[in-house]
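# Fold and geometry: a report
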2 protein chains.
Amino acid sequence: MDSVVQPNAAGTGAWPAAPRAEIVAVGSEMLTPSKTDTNSLYITEVLNELGIEVSAKMIVGDRIEDLMALVRLVLARVDLLVMTGGLGPTEDDLTRDAVARVVDKPLVEHPAIVETIRARFERRGMVMPEINRRQAMVPEGATVIDNPNGTAPGLWIPYGNRIIILLPGPPREMRAMLRKLADGPLAARVGRERLFRRVIGIAGRGESHVEQALLPCYARWKTWELPIDATILAAMGQVELHLTVRTADEAHGQSVLERAVADVRETIGIDVFSDRGESLEQVIGRLLTERGLTVAAAESCTGGLLTSRLTDIPGSSTYVERSVVAYSNQAKIDLLGVPRELIAEHGAVSEPVATAMADGVRQRAGVDLGIAIPVIAMPRSTPAR
Amino acid sequence: MDSVVQPNAAGTGAWPAAPRAEIVAVGSEMLTPSKTDTNSLYITEVLNELGIEVSAKMIVGDRIEDLMALVRLVLARVDLLVMTGGLGPTEDDLTRDAVARVVDKPLVEHPAIVETIRARFERRGMVMPEINRRQAMVPEGATVIDNPNGTAPGLWIPYGNRIIILLPGPPREMRAMLRKLADGPLAARVGRERLFRRVIGIAGRGESHVEQALLPCYARWKTWELPIDATILAAMGQVELHLTVRTADEAHGQSVLERAVADVRETIGIDVFSDRGESLEQVIGRLLTERGLTVAAAESCTGGLLTSRLTDIPGSSTYVERSVVAYSNQAKIDLLGVPRELIAEHGAVSEPVATAMADGVRQRAGVDLGIAIPVIAMPRSTPAR
């Protein structure tokens, strides 16, 4: 067992040019009808940056046979196994034990970890419960990964040509530890090739419409010396196009991506609102800030949803002056100065009333821009739990 | 091959009293940094209702070897395998092929499915593309599950004592088909025992505080003739306590749960806002409707978040009259009638100004209740993609 607390790049043999990883999240609470694992999204992002493909991800409960079966399956097929959770001090925390049994190494107590945990408790004026010694049990040959934000240390376990990484479940602890590994021993392990990505946001067009329009681009990109991989994803009210290239030459990769982005802009036109993965509200915030413009909103049945998205952006209080949710006709008259006759003549959901609402909120707030959304509330069922 | 389009309960041998299921979602798009599978939450809910435990769930890409390895692993360990996705007509849709190879049955064309798909296209004045014939390929011995909402049929595949269910990925199609199976052949397959659940919502207390207070209840519940299983989950700003019992006698199960709920109410008191899994905004909507009260909100840095949650409830337009997001002091003065001197004296984030905001919006809107939240915007980083 290594007594160094920083992981090193130990492990025998090189990985293939396009290494594969799988992710296993451990914890019965993620197998209920209301919870799932989301750590895997961040892990996928970090591994993809290093050019490591994620070929499967799993969630498993606190039953050692299930854990061992999954670990065996993954180790038979991929280069890297990342596991999260199950590293706490209780009897339910079985990740260490399951992995030690599969790689056939005894668990030995790591004195430096006991001391680190003991010191952590002492700094808070507490005595370390004996149960926490479990967290210092480490499979022989493993390297310990410091956890600056919690008691459960991580583990880096070489297994032949493969690597097993164990990380705690709380996102704050897991993220900091994985980031360090990605910059250090994992980067050393993979070849020089990396994955580079551009995320293009498109609003106002359906997925199949975008796909159809881009078919000639897809065909052209395949013939390039550095081929572009394109994935289209439909999100709420918008479409995301992910473009990736794999190369050891970042400058070349970026310039190829830039050419592909130009193709998309030429094909899709103004409906492209970002080529850097920004959200609609980020783009709007940037444009307003650059131009020094302020805005106020008049909503009706959207019930503050528009304003809520606008104000999700840090610094939005410099450009969002106010927002009014005017459900009733009386509120539209009182708060926005919409003439009663206009509503009577055209109805509350009409272009003249929408214009009057936008105008009203703009004038009363003394801002540059007014927005109004006079949609009809659609009947909705309660969201599924 | 069965030519009946409704699944039957075919399959040999009985399941154990507490059967286990695992869920496999198929599709490379769910292995990107921005997407994951959520179908499994609904599937877990439906299976749990039938007393079937979910012991693991997986996401796998469109590579047939990976799919086959996972299917083999699951079939070696559990009674039921539910798979979603990969049933479309393209070469990437490999679920049928992978399962047929693992259960070692040839794929044969099912003429009734071809006709159903052809008729679906014809109703839209289109000719069925030849590629859609792939969707009619069925492993010998499988029963076809009608898909009223799409072209991809589902499959019910007995494998010894186990059952494999293949469902399409789009939630609307998957849910309708699973619901029918749960009420029919799956219900026939499981024993008479079911899982009954109560979800208790608690606001204003931390998870560990609730846990500590409930320890005596947990101990008592374990000694009951029908023991209660309790799981505590922390959600945004609230804690959920899930209580479950497994029994064939629904009335008995419900009365035992009712006693446990009473224990929790006695221990936690007024911080329990629901014992039926309702959200805070559902409870508030119910209380306002029962009492015939109306409400208006004055928000500041929450930017419409409160109103957005209030108006997420169907029918909320009968009790939410309006909402004002008054970021600037001028907006608080103009829209809510807050005296300028009050802000100068106490600051915008103060109890007197909050009270004046609530009072102002209540009076101007002519409603029964006014709410104001004068929080300070906390510096936030942009959410991780």
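Residues numbered from 1 in each chain as written. Chains lettered and ligands numbered in written order. Predicted model: local features only at pLDDT ≥ 70, side-chain atom pairs only at ≥ 80, totals over all residues.

## Points about the overall build of chain A
Convention followed: Working definition: helices are DSSP H or I runs of at least four residues, strands are E runs of at least two. Numbering for both runs from the N terminus. Throughout, radius of gyration means the C-alpha value; the globule benchmark is 2.2 Å times the number of residues raised to the power 0.38. Buried, partly exposed and exposed are defined by the number of other C-beta atoms within 10 Å of a residue's own C-beta, namely 20 or more, between the two limits, and 12 or fewer respectively, with C-beta atoms placed from the backbone. With C-beta atoms placed from the backbone, a contact is any residue pair whose C-beta atoms sit within 7 Å.
When you go through chain A residue by residue, the secondary structure sums to 13 helices and 15 strands. By the compact-globule yardstick of 21 Å for 385 residues, chain A is too spread out, its C-alpha radius of gyration being 27 Å. Each principal axis of the C-alpha distribution contributes one length, and for chain A these read about 85 × 60 × 40 Å. The buried share of chain A, reckoned over its 385 residues, is 42%. Within chain A, counting contacts between residues at least 6 apart in sequence, those at least 24 apart form 67% of the total.

## Comments concerning the sheet that holds strand 3 (residues 80-84) of chain B
For clarity, the cut-off: Strand pairing requires that DSSP identify at least two bridges connecting the strands. Simply put, an axis is a line fit to the C-alpha atoms, just over the touching stretch for a helix, and the angle between two N-to-C directions goes from 0 to 180 degrees.
One open sheet accounts for 12 strands, arranged 6(A)-7(A)-8(A)-3(A)-1(A)-2(A)-2(B)-1(B)-3(B)-8(B)-7(B)-6(B); its pairing is mixed. Either end of the sheet is taken by a strand with one partner, and the two such strands are strand 6 (143-145) of chain A together with strand 6 (143-145) of chain B. Along the sheet, successive strands turn relative to each other by an average axial angle of 15°, direction set aside. Across 7 bridges, the pairing between strand 1 (residues 20-26) of chain B and strand 2 (residues 53-60) of chain B is parallel. Its bridge partner lying in strand 2 of chain B, E22 of chain B is registered against A56 of chain B. In this fold helix 5 (residues 171-183) of chain A packs onto strand 3 (80-84), strand 6, strand 7 (154-159) and strand 8 (162-167) of chain A, with an angle of close to 150° to the strand it touches most, strand 8 of chain A.

## Looking at the nonpolar core
To keep things clear, this is the line we draw: Only buried residues count toward a nonpolar core: Ala, Val, Leu, Ile, Met, Phe, Trp, Tyr and Cys, linked into one set through C-beta atoms within 7 Å.
With 111 residues, the main nonpolar core has V24 of chain A together with V24 of chain B as its most contacted residues. Sequence-distant contacts of V24 of chain B, that is, excluding residues within four places in its chain, are made with M58, V60, L70, V74, L81 and M83 of chain B. In this structure, V325 and L335 of chain A together with L335 and A372 of chain B belong to the second largest nonpolar core, which totals 55 residues.

## A short note on the relation of the copies chain A and chain B
Condition: Here the copies were fitted onto each other by least squares, based on C-alpha atoms from residues at pLDDT of at least 70 in both.
Taken as rigid bodies, chain A and chain B are interconverted by a rotation of 180° and an axial shift of 0.1 Å, the fit giving an RMSD of 0.2 Å. As the rotation angle and translation indicate, the two copies are arranged about a two-fold axis. Interface overlap between copies is the fraction of interface residues in one copy that are interface residues in the other; for chain A against chain B it reaches 100%, indicating a shared surface.

## Considering the environment of L293 of chain B
Residues and elements named next belong to chain B. The residue L293 is located in the loop between helix 9 (280-291) and strand 13 (295-299) in this model. Here L293 falls in the exposed class, since 12 other C-beta atoms lie within 10 Å of it. Sequence separation between L293 and I313 is 20 residues, and the spatial gap between their C-alpha atoms is 16 Å. Excluding its chain neighbours within four sequence positions, the residues that come into contact with L293 are L288, Y319, D368 and L369.

## Considering the pairing of strand 3 of chain A
Residue and element names in this part refer to chain A. Of all 5 residues in strand 3, 5 are buried, a share of seventy percent or more. Along strand 3, one buried face is formed by L80, V82 and T84 and the opposite face, lined by L81 and M83, is buried too. Across 5 bridges, the pairing between strand 3 and strand 8 is parallel. Paired with M83 across the bridge in strand 8 is L166.

## Some words on the pairing of strand 7 (residues 154-159) of chain B
Residues and elements named next belong to chain B. With 5 of 6 residues buried, strand 7 lies mostly within the body of the structure. Here strand 6 pairs with strand 7 via 3 bridges, running antiparallel. In the sheet register, V144 faces strand 7, and the bridge partner there is L155. Once strand 7 ends, the chain turns through 2 residues before running back antiparallel as strand 8 (residues 162-167), passing G160 with a positive phi of about 60°.

## Focus: the interface of chain A and chain B
Condition: Polar here means any residue outside two lists: the nonpolar Ala, Val, Leu, Ile, Met, Phe, Trp, Tyr, Cys and Pro, and the charged Asp, Glu, Lys and Arg; Gly therefore counts as polar.
On the side of chain B, 60 residues touch chain A, which itself brings 60 residues to the contact. Breaking the side of chain A that touches chain B down by element, the ones donating at least two residues are helix 1 (39-49), strand 2 (53-60), helix 2 (64-75), strand 10 (229-235), helix 10 (305-310), strand 14 (320-326), helix 11 (329-336) and helix 13 (351-365) of chain A. Grouping the amino acids of the side of chain A that touches chain B by side-chain chemistry returns 26 nonpolar, 21 polar and 13 charged. In this sheet, strand 14 (residues 320-326) of chain B lies alongside strand 14 of chain A in antiparallel orientation, the contact comprising 5 bridges. By the bridge assignment for strand 14 of chain B, V325 of chain A is matched with S323 of chain B.

## Comments concerning the sheet that holds strand 13 (residues 295-299) of chain A
Pairing in this open sheet of 6 strands is mixed, and the strands run 15(A)-13(A)-14(A)-14(B)-13(B)-15(B) from one edge to the other. Looking at strand neighbours, the two that pair on one side only are strand 15 (369-373) of chain A together with strand 15 (369-373) of chain B, the edges of this open sheet. For this sheet, the mean angle separating the axes of adjacent strands, direction not counted, is 10°. The sheet contact formed by strand 13 of chain A and strand 14 of chain A spans 5 bridges and is parallel. Bridging from a neighbouring strand, A296 of chain A pairs with R322 of chain A of strand 14 of chain A. Each of strand 13, strand 14 and strand 15 of chain A touches helix 13 of chain A; the most contacted strand, strand 15 of chain A, lies at about 145° to it.

## Regarding unusual backbone geometry
For D104 of chain A, which is not glycine, the phi torsion reads 60° and is therefore positive. Within the secondary structure, D104 of chain A sits in the loop between helix 3 (95-103) and strand 4 (107-109).

## As for the domain arrangement of chain A
Definition in use: All domain edges in this entry derive from an automatic or database-based domain assignment.
The domains assigned to chain A are domain 1 (20-189), domain 2 (195-274) and domain 3 (280-373). The distance between the C-alpha centroids of domain 1 of chain A and domain 2 of chain A comes to 35 Å.

## What about helix 8 (residues 250-268) of chain B?
Residues and elements named next belong to chain B. Operational definition: Helix span, expected: 1.5 Å multiplied by one less than the number of residues in the helix. Arc definition: it is the arc formed by the directions from the helix axis to the C-beta atoms.
Helix length check: helix 8, at 19 residues, gives a terminal C-alpha distance of 26 Å against a target of 27 Å (1.5 Å per residue), a fit within 8%. When helix 8 is considered as a whole, its buried residues turn out to be G253, V256, A260, V264 and I268. The buried side chains of helix 8 occupy one side of the element, clustering within an arc of 105° when seen end-on. Among the exposed residues of helix 8, those oriented more than 90 degrees off its buried face are A251, S255, E258, A262 and E266. Trailing helix 8 by a residue or two, G269 shows a phi angle of about 70°, which is positive.

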